[in-house]
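These are the residues of each chain, in order.
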Amino acid sequence: MNEKEAVVCRNVPKVGDGEDRSRVEQSGAILDLASFEYLFEQGKFDFVNDVVSLKDFHSEQDVHKFKNESLGMAVLHLSHIAIKKKSVSRRGGQADKECIPKSFCRQIQQNNYLTKLRMRSVFKKFVRHFHLHTVSAGKLSEEDVMYKYLSTLENLAPRFGCEVFGTLSLELPTEGEKLPLYINDGGYMDQSKSASSEATPTHQVLVSGMEGIQWRLKKEELVALETDHRC
């Protein structure tokens, strides 16, 4: 990256030690605050509803990491609520169930009463300590909490922010070739090649903010292709 160019960030960062203040101040945020808040709310909803599930992890190390990250994100979730209300968060008992994946919550409910009571007490003390010594001390702003939450979620759940679309056909241009753009219900479309309403998608296109655009044959098409090769 050219050091003379303005930095482009998801949200405008703080100036850290040793950083060029003028360069950071000139940086541009891709998302405005309203869009960033929307993404944060979507992230919380997807996380609690198992966009990444406890069942996705099998080794003891991975399960332990998932649980720790989930509890850390729950702390950020509760800290964000406290910042909005401008009060010290006293939640962390039953309320933490609203901040962790449902699969993790079900696993916690399988513990005996004393274990759940101990976990609730430890978590509640940690939430209060984090808020008093980090959030209330001004070390984290509302935007910082949202950014940390989303960045953790993206590392924990590669599926977050991804959408899969079914396509009836797929054209791959060669290097330097330009194809017309396709827009749903409008734009360019070759009427001579228009598909019937009974046609089924043959390919899947994955759109991801982290990995870009990828495609693959649908699983049914892959099975059929493998069957043809065996014949």
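Residues numbered from 1 in each chain as written. Predicted model: local features only at pLDDT ≥ 70, side-chain atom pairs only at ≥ 80, totals over all residues. Heavy atoms only, no water.

Draft legend 1. Representation of the sheet that holds strand β6 (residues 203-208) in the model. Overall, antiparallel pairing links the 3 strands, which are arranged β3-β6-β7 in an open sheet. Each edge of the open sheet is held by one strand with a lone partner, namely β3 (162-167) and β7 (212-217). This sheet shows a mean twist of 20° between the axes of neighbouring strands, independent of strand direction. (Pairing = 2+ DSSP bridges. Helix = DSSP H or I, 4+ residues; strand = E, 2+ residues; numbered from the N terminus. Axes fitted to C-alpha atoms, helices over the stretch in contact; angles between N-to-C directions.)

Draft legend 2. Here's a closer look at the pattern of salt bridges. Per the stated rule, a full pass over the model turns up 3 salt bridges. For the salt bridge of R106 with D50, the shortest nitrogen-to-oxygen distance reads 3.9 Å. Separated by 56 residues along the polypeptide, R106 in helix α4 (residues 102-109) and D50 in the loop between α2 (33-48) and α3 (60-85) bring together distant segments of the chain. Judged by its relative accessible area of 47%, R106 falls in the partly exposed class. Residue E142 pairs with K84 through a salt bridge whose shortest N-O separation is 3.4 Å. With E142 in helix α6 (residues 142-156) and K84 in helix α3, this pair connects stretches of sequence that are 58 residues apart. Look at E142 and you get buried, because its relative accessible area is 17%. (Salt bridge = Lys/Arg side-chain N within 4 Å of Asp/Glu carboxyl O. Buried < 20%, exposed > 50% of the residue type's maximum accessible area, 1.4 Å probe, protein only.)

Draft legend 3. Structural context of the environment of E41. Tracing the chain through its elements places E41 in helix α2. We classify E41 as partly exposed; its relative accessible area is 41%. For the pair E41 and M146, spaced 105 residues apart in sequence, the C-alpha to C-alpha distance is 9.2 Å.

Draft legend 4. Structural view of α6. The end-to-end C-alpha distance of α6 is 21 Å, a good match for the 21 Å that 15 residues give at a rise of 1.5 Å each. Among all positions in α6, only E142, V145, M146, Y149, L150, S151, T152, L153, E154 and L156 are buried. The inward-facing, buried residues of α6 abut α2 and α3. (Expected span 1.5 Å × (residues − 1). Contact = heavy atoms within 4.5 Å.)

Draft legend 5. Looking closely at the packing of aromatic side chains. Per the counting criterion, the structure on display carries 5 aromatic pairs. Measuring from ring centre to ring centre gives 5.2 Å for F40 and Y149, while their planes differ by 80°; the resulting arrangement is edge-to-face. Of the two residues, F40 is situated in helix α2 and Y149 in helix α6; the sequence distance between them amounts to 109 residues. Across this residue pair, the class does not change: F40 and Y149 are buried. With centroids separated by 6.4 Å and ring planes inclined at 25°, the aromatic side chains of F126 and F130 adopt a geometry described as stacked. (Phe/Tyr/Trp six-rings, centres within 6.5 Å; stacked < 30°, edge-to-face > 60°.)

Draft legend 6. View of the environment of K84. Owing to a relative accessible area of 48%, K84 belongs among the partly exposed residues under this scheme. The spatial distance from the C-alpha of K84 to the C-alpha of E142 is 7.8 Å, given a sequence separation of 58 residues. Contacts of K84, omitting those with residues within four sequence positions, involve E37 and E142.

Draft legend 7. Structural view of a nonpolar patch on the surface. Taken together, the side chains of Y113, L114 and L117 present a nonpolar region at the surface, about 360 Å² in accessible area. Note that L117 resides in helix α5 (residues 113-135). Classification of L117 by relative accessible area gives partly exposed; the value is 38%. (Patch = residues over 30% accessible without salt bridge, like charges linked within 9 Å, V, L, I, M, F, W, Y side chains within 5 Å. Areas by Shrake-Rupley, 256 points an atom, 1.4 Å probe, with all protein chains shown as cover.)

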